[in-house]
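One letter stands for each residue in the lines below.
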Amino acid sequence: MEKSIETIERIRKSMGGRLAILGHHYQSDAVIAHTDIQGDSLELSRKISALDAEHIVFCGVFFMAESASILGRPGQKIHIPDASASCPMADMAEAGRVEETLDILQKDGRKIIPLTYVNSSAAVKGVVGRFDGSVCTSANAKTMLDWALGRGDAVLFLPDKHLARNTANFLNIPEEKRMMLPRDVIDGSPALSVDPATAADKKFIIWPGYCPIHEEFDVDAIRRIRADEPNARIIVHPECDPKIVQAADGDGSTTYLIKYAAEAPAGTTIYVGTETNLVNRLAARHAGEKTIRPLAISVCDDMGKITVDNLAAKLCNLETDAPVVVPEEIRESSRLALERMLEVCS
Ligand code: 13P
Ligand code: SF4
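If you're wondering where the values come from, they're calculated on a predicted model, not measured in any experiment. (Residues numbered from 1 in each chain as written. Chains lettered and ligands numbered in written order. Predicted model: local features only at pLDDT ≥ 70, side-chain atom pairs only at ≥ 80, totals over all residues. Heavy atoms only, no water.)

Asks: It is not clear to me how the overall build of the protein should be interpreted in this structure. Could you clarify?
Replies: Scanning the protein from terminus to terminus reveals 16 helices and 13 strands. In summary, the protein has a C-alpha radius of gyration of 20 Å against a globular reference of 20 Å for 346 residues, a match within 12%. Summarising its shape, the C-alpha atoms of the protein cover approximately 60 × 55 × 35 Å along the three principal directions. Counted over contacts in the protein with a minimum sequence separation of 6, partners at least 24 positions apart contribute 68%. The positive charge centre, built from 39 side chains, and the negative charge centre, built from 50, are 3 Å apart in the protein. (Helix = DSSP H or I, 4+ residues; strand = E, 2+ residues; numbered from the N terminus. Rg over C-alpha atoms; globule rule 2.2 N^0.38 Å. Contact = heavy atoms within 4.5 Å. Lys, Arg positive; Asp, Glu negative; His and termini not counted. Charge placed at Lys NZ, Arg CZ, Asp CG, Glu CD.)

Asks: Teacher, can you tell me more about the packing of helix α6 (residues 122-130) against helix α16 (residues 328-344) here?
Replies: Axes are the key here: two packed helices are described by the angle between their axes and the distance separating the axes. The interhelical angle for the contact between α6 and α16, taken along N-to-C directions, is 75 degrees, at an axis separation of 7 Å. Taken together, the axes of α6 and α16 are roughly perpendicular relative to one another. In this structure, α6 contributes Ala122, Ala123, Lys125, Gly126, Val128, Gly129 and Arg130 to the contact, and α16 contributes Ile330, Ser333, Ser334, Leu336, Ala337, Leu338 and Arg340. (Axes fitted to C-alpha atoms, helices over the stretch in contact; angles between N-to-C directions. Parallel < 35°, antiparallel > 145°, perpendicular 65-115°, else oblique.)

Asks: What should I look at first to understand empty space enclosed by the protein in this one?
Replies: A water-sized probe rolled over the atoms picks out the places where empty space is left. Counting across every chain of the model gives two cavities of 30 Å³ or more. Here the largest cavity defines a volume of roughly 260 Å³. Lining the largest cavity are 27 residues; nearest its centre among them are His24, Tyr26, Asn119, Glu239 and Met303. A class-by-class count of the residues in the lining of the largest cavity yields 13 nonpolar, ten polar and four charged. As a volume, the second largest cavity reaches approximately 60 Å³. Around the second largest cavity, the lining residues are Ser41, Leu44, Ser45, Ile48, Phe58, Phe63, Met64, Ser67, Ala68 and Val118. Of the residues contributing to the lining of the second largest cavity, the split by class is seven nonpolar, three polar and no charged. (1 Å grid on protein atoms, 1.4 Å probe; cavity = no way out; pocket = protein on both sides within 12 Å on 5 of 7 lines; lining within 4 Å. Points joined across faces, edges and corners; volume = space filled by probe spheres on them. Nonpolar A, V, L, I, M, F, W, Y, C, P; charged D, E, K, R; others polar.)

Asks: Which parts of the structure should I look at to understand the site of ligand 2?
Replies: In the vicinity of ligand 2, the residues found are Tyr26, Val61, Cys87, Pro88, Met89, Asn119, Cys211, Ile213, Glu239, Cys300 and Met303. Under a 2 Å grid-point criterion requiring more than half of the atoms, the pocket assigned to ligand 2 is the largest cavity. Taken together, the residues of the shell around ligand 2 sort by class into nine nonpolar, one polar and one charged. (Near = heavy atom within 4 Å. Sits in = over half its atoms within 2 Å of the grid points.)

Asks: Is there a simple way to think about the environment of alanine 200 in this case?
Replies: Among the structural elements, alanine 200 can be located in the loop between α10 (196-199) and β9 (204-206). Residues alanine 200 and aspartate 153, 47 residues apart in the sequence, show an inter-C-alpha distance of 9.5 Å. Contact partners of alanine 200, with chain neighbours within four places excluded, come to Asp108 and Arg110.

Asks: I would appreciate a short explanation of the sheet that holds strand β1 (residues 19-24) in the present structure.
Replies: In any sheet, the strands associate via hydrogen bonds between backbone groups, in a parallel or an antiparallel arrangement. Taken in spatial order, the four strands make up an open sheet running β2-β1-β3-β4, and their pairing is parallel. A strand with exactly one partner marks an edge of an open sheet, and here the two such strands are β2 (37-39) and β4 (77-79). On average, each strand axis in the sheet is tilted by 20 degrees relative to the strand beside it, whichever way the strands run. Relative to β4, strand β3 (residues 55-59) is paired through three bridges, and the arrangement is parallel. Counted as the bridge partner of histidine 55 is lysine 77 from β4. (Pairing = 2+ DSSP bridges.)

Asks: Would you mind showing me how to read the side chain of glutamate 66 here?
Replies: With respect to the helices and strands, glutamate 66 occurs in helix α4 (residues 62-71). It turns out glutamate 66 is buried and unbridged, and the closest side chain with the opposite charge, lysine 125, is 5.6 Å from it. Ignoring anything within four residues of it in the chain, the contact list for glutamate 66 reads Ser121, Ala122, Val324 and Val326. (Buried < 20%, exposed > 50% of the residue type's maximum accessible area, 1.4 Å probe, protein only. Salt bridge = Lys/Arg side-chain N within 4 Å of Asp/Glu carboxyl O.)

Asks: I keep staring at the pattern of salt bridges and nothing clicks. Help me out?
Replies: Where charged atoms from two side chains of opposite charge approach closely, those side chains can pair. Going through the model one piece at a time under the given rule, you end up with 18 salt bridges. One salt bridge connects glutamate 319 with arginine 18, and the closest N-O pair in it is separated by 3.1 Å. With glutamate 319 in the loop between α15 (308-316) and α16 and arginine 18 in the loop between α1 (2-15) and β1, the pair connects residues that are 301 residues apart, well separated along the chain. The exposed category is assigned to glutamate 319, whose relative accessible area is 57%. The closest approach of N and O atoms between arginine 73 and aspartate 52, which form a salt bridge, is 2.9 Å. Of this pair, arginine 73 sits in the loop between α4 and β4 while aspartate 52 is found in the loop between α3 (41-48) and β3, placing the two residues 21 residues apart along the sequence. Accessibility expressed as a relative area gives 64% for aspartate 52, which makes it exposed. Taken together, the salt bridges that share partners define one network made up of Glu9, Arg12 and Asp36.

That is the geometry; function is a separate question.
As structure tokens, then:
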């Protein structure tokens, strides 16, 4: 580890502005210490095109590096220290299944606008781009859903069912206008049982994916905290089940959670329902002034695949490394989907 730290800092110094290292808030402290820019998914997407660096190393999961590659400038090379760091939720939507589902839902002539959470593959973003849809993050889901609802007869929101329902609750979309797709859109059974007739009067169609890390929180834990520590506050990420979000004092993106902790008065106790690396960082940052605790311990193993050692190894091989490349046939349509989001949320 010591040697890797030395290597990273030596290479950062020698490459100067030719290198930018980006890190998502769920990365470990050890990795975050070597990043130039930290952020939530929206902030990181926004920053890519403004970067001059020739090499961008993305410390996060693969879909984030793909988005960086789509939004990067020509000639810019995007690297990820471990390309096997995937997002289990993103893997619950396969591009072929998404396209097939959209074709079925549009059979009766209705216009369905797909809105994909940024936690999805470039191939899925490509399908969404071709069907006139766009992308959202946890920070702008309300704005983007509102945008999508105004552009067709219904919206297909994917892959996160919890973010979908939390956002629909916020926008007051009635339950009877919503529909959850059957699980077979995820599990790869040969024939899809999606029936356009059941969706005919629906405005909001939900893909049944979820983040396993944000499934770990439960309402009983919140009840216990309310009983034992009535003054404690509870904030959660909107990838949590709506029951958790409704029982909490607030919900939002990782940036929202960070800001909430920073702005709470001294002496406050805050329980945070999200990935543990971020909660631990907030606890350390505010130690002695506020008490920050995890609502439950829940670690994203894929985020944890990025380490100081594989970051150092990647930096040593930047010139020969094969960068993350999104195939040309997907690139243009996925860029369109992402750029629609950046334009709406500029
Ligand atoms: P945000 O940082 O955009 O809130 O996303 C959380 C997440 O799960 C990323 O994988
Ligand atoms: Fe995916 Fe959940 Fe891990 Fe985020 S925390 S990368 S949504 S599995």
